[in-house]
Each structure stands twice: as structure tokens, then as C-alpha cells.
Amino acid sequence: MANHGFTLQSVRNSLLASVAMTLISVSPSLADDITLRFTSFEPEGITGFPANRFGDEITERSNGEIKMEYYWAGSLLPAAEMASGIASGVADIGMILPPYNPSEFPIANWATALGALVDTPYPYSTLQGAAANAEALLANKDVLAEFERQGLVILTPLFAYPNYDLLCAMPVTTLEEAKGKRVRVGGNLWAGQAQAVGMEPVALPGSDVYQAAQRGVVDCVMQYPAGFVGNSVWDVIKDYTPVQFTGWNAMYLVMGRDKWLSLTESQQKAVLDSAVTYFVLTHKKSLKDYAVFAGPEADTHGVVFHTPDPAFFDAIKAAQAASLSNAVANAPDTLADVAEYYWKNDLR
């Protein structure tokens, strides 16, 4: 996976171009003041920093014409209903996760396997993954059309978490220790990797992770350190093993298409320019949360760091390689040029 001349300006240009490719006409808003409802299935501790700055910047760039109203932790829409709820106008803007709705987003769901292509050590992996992922998605007309069919406009894709690790209620460092452990996963790709190391996957949205860990519904949580911090799950389970499951490249900040079309051109530009800030701050927060998790606060929370057995890594890498080798053969019919998409991700 490579960064093909990635800059913040290229993100802005890609966003503008992607919207131009999917939308034909614009109906100016007749309202003087507009309040957009931002919904998140995650707690404010994870999403709040970039989202609040995003809303403030929209208000500033629109000269006060647009304000943002926030709904956290699934209070307005649960994770699986984000896409349909934003498209129908229950909310206006939010993060959607295609693996939660694979039949509606076959290309975006299929592309989750490409998260394993990140091949640089942290923190460079975050920068590498974010750049290549944004370029590949925003330049692909089939991806943009897929979202348009669902009544959505992509404001920006995100790839802030290059790997998933394990936080468990007990040490899990070997395949023997992993065998039979119930582990939270975020979708089918990660369920397959959990099974490859002998674990029993339990599909749960991020908003349910804390209670599941606290009540013993799961023995382990497969997630990224920012999630362990933001969901407060490190308050209840303490054994951390960096096993490097495939990271989460399946996050999209979107807006309902009907709401988008109701905005004036200048208001649309205010939203898109502010989406670049959301992109930047989300990845900055990821880097900060990794540092928090690895710093003195981990000792305060009693987190114990473990080194996984090499055979654990080998089993995960084998599962990732199998997913990638099958990706071309299993590409959705709606993706016209698989080779071009792969080139964007530098898969050789």
C-alpha cells in the first residue's frame, strides 16, 4: 500500500471531485438557519473531539448559517441503522460502517480485507493506511455510486486504526491460551481471523463492548487502543496483547443525499472543507490515544502488556493472506475494474 503523492490538499480535491461525480443538481436551501443532526454509535470520548471541531468549523465557514446538534452512543441511531437512518433524515451526518450492512455496501465491505495491506510499523502505518485508503475510495466511481444508491454522500473515508489487538480478562499470548476464548469482533472479516487462532467470535458494536466485558459476555475485546481508552473497557479487563489483526478501514463520514441537495453551493463547500478537518483530527486523535494507552495512564489502569507467541502472529498472517488471495475472485459485480482498485492500494 503506497502514498501516491498524498497531501491535505489532495484530500480536499478528492472530496470535491467525488461529490461532483455523484451529484447532478443542487437545490438551494430556503432556510436562513440550518441545524444538522450528527449521530454517532460511539461515546463522545471516542468521536467527540473531531466531531465537535467539525461542527464548529462548519458554523464558522458558513457564516453562522449551519449549526450542529450531537447525539452520542447510539442515542439516535444504533450502528446497524446508521446508513438507513441518515439517508431517511432521522439524522443528517454520521459515521457508517459497511461491514454492519454488507448487502447494501458490497464494495466497501469487500474492501475491508485490504486493511491487511498496511506494511509499515506504527505510527507510519496510520499515515500510510489513511492516505492510500482515501485515494482509492474517493477516486472510484463505483464506490461513490454504491453510496449514492443508498441515499448517501461520502464526506470522507477514514482509516485511523491500522491494526486490531486483544484486551482480555486473562493473559492470551499463545494459540493454546486463545482456544475457546469468546472475543468481541466487528464483522465477518475479523470473525474469520478470530477463528483462525481458535477463538469464538461474538459480533458486537463498539457501543456494547464495555458492558459485554464487564459482565463476562466476552473474555476478550478485539479492537484498537483508542477504543480501549474511549470505551473505558480498560477499566474492566487488563491483559493486552498486540497481535495485529487486520485494522478497521471501513469508516465513512457521510451525509444524507437529500439533506446535501438542500444546501446551497457555498454551504456544501463549508461542509466539505470542514470534512478535511474531521479527517485530520480523527487520525491525530488516533495517534494521541495510542500514546495514552502506552503511557503512564496504562499503569494507573493496571494494564499488563504481553508479547504474543510467534505462532499466534503466523496464524493471523496466514488468515490475512488467504483473505487477500481470494479478494479478486470474490470481488463484487458492481466493481467494474478490480485491477485498478488494487493498484490504488498497491497490491502486488
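Residues numbered from 1 in each chain as written. Predicted model: local features only at pLDDT ≥ 70, side-chain atom pairs only at ≥ 80, totals over all residues. Heavy atoms only, no water.

A. Representation of the state of the cysteines. On inspection of all chains with the given rule, the structure shows 1 disulfide. For Cys168, the disulfide goes to Cys220, at an S-S distance of 2.1 Å. On the S-S bond that ties Cys168 to Cys220, the torsion sits near 110°, and the link is right-handed. Placement of Cys168 in strand 5 (residues 161-168) and of Cys220 in strand 8 (residues 220-223) is noted, with a sequence separation of 52 residues between them. Judged by relative accessible area, which is 0%, Cys220 ranks as buried. (Disulfide = S-S within 2.5 Å. Helix = DSSP H or I, 4+ residues; strand = E, 2+ residues; numbered from the N terminus. Buried < 20%, exposed > 50% of the residue type's maximum accessible area, 1.4 Å probe, protein only.)

B. Expanded view of the packing of helix 2 (residues 44-61) against helix 12 (residues 265-294). Look at helix 2 against helix 12: their axes get within 8 Å of each other, and the N-to-C directions meet at 155°. The orientation of helix 2 relative to helix 12 falls into the category roughly antiparallel. The element helix 2 and its partner helix 12 pack so that their crossing is right-handed. Seen from helix 2, the contacting residues are Gly45, Ile46, Thr47, Phe49, Pro50, Ala51, Arg53, Phe54, Glu57, Ile58 and Arg61; seen from helix 12, they are Ala270, Val271, Asp273, Ser274, Ala275, Thr277, Tyr278, Leu281, Thr282 and Lys285. Here the residues of the contact of helix 2 with helix 12 are counted per class, giving 11 nonpolar, 5 polar and 5 charged. (Axes fitted to C-alpha atoms, helices over the stretch in contact; angles between N-to-C directions. Parallel < 35°, antiparallel > 145°, perpendicular 65-115°, else oblique. Left-handed = near helix turned anticlockwise from the far one by under 90°. Contact = heavy atoms within 4.5 Å. Nonpolar A, V, L, I, M, F, W, Y, C, P; charged D, E, K, R; others polar.)

C. Region of the structure containing the layout of surface pockets. By volume, the largest pocket is sized at about 450 Å³. The wall of the largest pocket is formed by 26 residues, among which Tyr122, Ser125, Asn163, Asp165 and Gln244 lie closest to the centre. Of all the secondary structure elements, the ones that give two or more residues to the lining of the largest pocket are strand 5, strand 9 (239-248), helix 12 and helix 14 (310-327). In terms of residue count, strand 9 provides more of the lining of the largest pocket than any other element does, 6 residues in total. The volume enclosed by the second largest pocket comes to roughly 310 Å³. In this structure, the second largest pocket is lined by 16 residues; those nearest its centre are Asn109, Thr112, Ala113, Asn188 and Leu189. Where the lining of the second largest pocket is concerned, the elements lending two or more residues are helix 4 (106-110), helix 8 (188-196) and helix 14. When the residues that make up the lining of the second largest pocket are grouped by side-chain class, the tally is 8 nonpolar, 8 polar and no charged. (1 Å grid on protein atoms, 1.4 Å probe; cavity = no way out; pocket = protein on both sides within 12 Å on 5 of 7 lines; lining within 4 Å. Points joined across faces, edges and corners; volume = space filled by probe spheres on them.)

D. Spatial organisation of the packing of aromatic side chains. Taken as a whole and judged by the stated rule, the model has 19 aromatic pairs. With a centroid separation of 4.8 Å and 70° between ring planes, the pair formed by Tyr240 and Phe293 is classed as edge-to-face. With a gap of 53 residues between them, Tyr240 in strand 9 and Phe293 in helix 12 connect regions that are remote in the sequence. Note on accessibility: Tyr240 and Phe293 belong to one class, buried. Here the aromatic cluster, defined as three or more aromatic residues joined through ring pairs, consists of Tyr100, Tyr161, Tyr164, Trp190, Tyr224 and Trp248. (Phe/Tyr/Trp six-rings, centres within 6.5 Å; stacked < 30°, edge-to-face > 60°.)

E. Local environment of the pattern of salt bridges. The full count for this structure, using the stated rule, is 7 salt bridges. In this structure, Glu57 engages Arg61 in a salt bridge whose closest nitrogen and oxygen atoms are separated by 2.7 Å. Residue Glu57 and its partner Arg61 are located together in helix 2, separated by 4 residues, close to a single helical turn. As a salt-bridge pair, Glu148 and Arg257 come within 3.2 Å of each other at their nearest N and O atoms. Note that Glu148 is positioned in helix 6 (residues 141-149) and Arg257 in helix 11 (residues 257-261), a separation of 109 residues in sequence. With relative accessibility at 19%, the residue Arg257 sits in the buried group. (Salt bridge = Lys/Arg side-chain N within 4 Å of Asp/Glu carboxyl O.)

F. Molecular detail of the side chain of Asp92. Structurally, Asp92 is set in the loop between helix 3 (82-88) and strand 3 (93-96). There is a polar contact of 2.8 Å between the side chain of Asp92 and the backbone nitrogen of Arg37. Non-local contacts of Asp92, meaning those with residues more than four positions away in its chain, are made with Thr35, Leu36, Arg37, Ile86, Val254, Met255, Gly256 and Lys259. (Polar contact = N/O pair within 3.5 Å; in protein donor to acceptor, adjacent residues only side chain to side chain.)

G. How the structure looks around helix 8. Within helix 8, the full set of buried residues consists of Leu189, Trp190, Ala191, Gln193 and Ala194. Buried residues belonging to helix 8 abut strand 5, strand 6 (182-185), strand 7 (200-203), strand 8, strand 9 and helix 14. Downstream of helix 8 by a residue or two, Gly198 has a phi angle that is positive, lying close to 85°.

H. The arrangement of the sheet that holds strand 2 (residues 66-71) in detail. Strand order in the open sheet formed by 5 strands is 2-1-3-10-4, and the pairing between neighbours is mixed. The open sheet is flanked by strand 2 and strand 4 (152-158), the only strands paired with a single partner. On average, each strand axis in the sheet is inclined to that of its neighbour by 25°, with strand direction left out of account. Where strand 1 (residues 34-39) lies against strand 2, 6 bridges are found, and the strand directions are parallel. Across the sheet, residue Leu36 finds its bridge partner in strand 2, namely Met68. Its contacts with the sheet place helix 2 against strand 1, strand 2, strand 3, strand 4 and strand 10 (251-256), and it is angled at close to 160° to strand 2. The strands that helix 6 touches are strand 3, strand 4 and strand 10; relative to strand 4, the one it contacts most, it runs at about 130°. (Pairing = 2+ DSSP bridges.)

I. Representation of the pairing of strand 3 within the structure. Residues Ile93 and Met95 line one face of strand 3 and the alternating positions Gly94 and Ile96 line the opposite face, and both faces are buried. Of the strand pairs in this sheet, strand 1 and strand 3 are connected by 2 bridges, and their pairing is parallel. Bridging across to strand 3, Thr39 finds its partner in Gly94.

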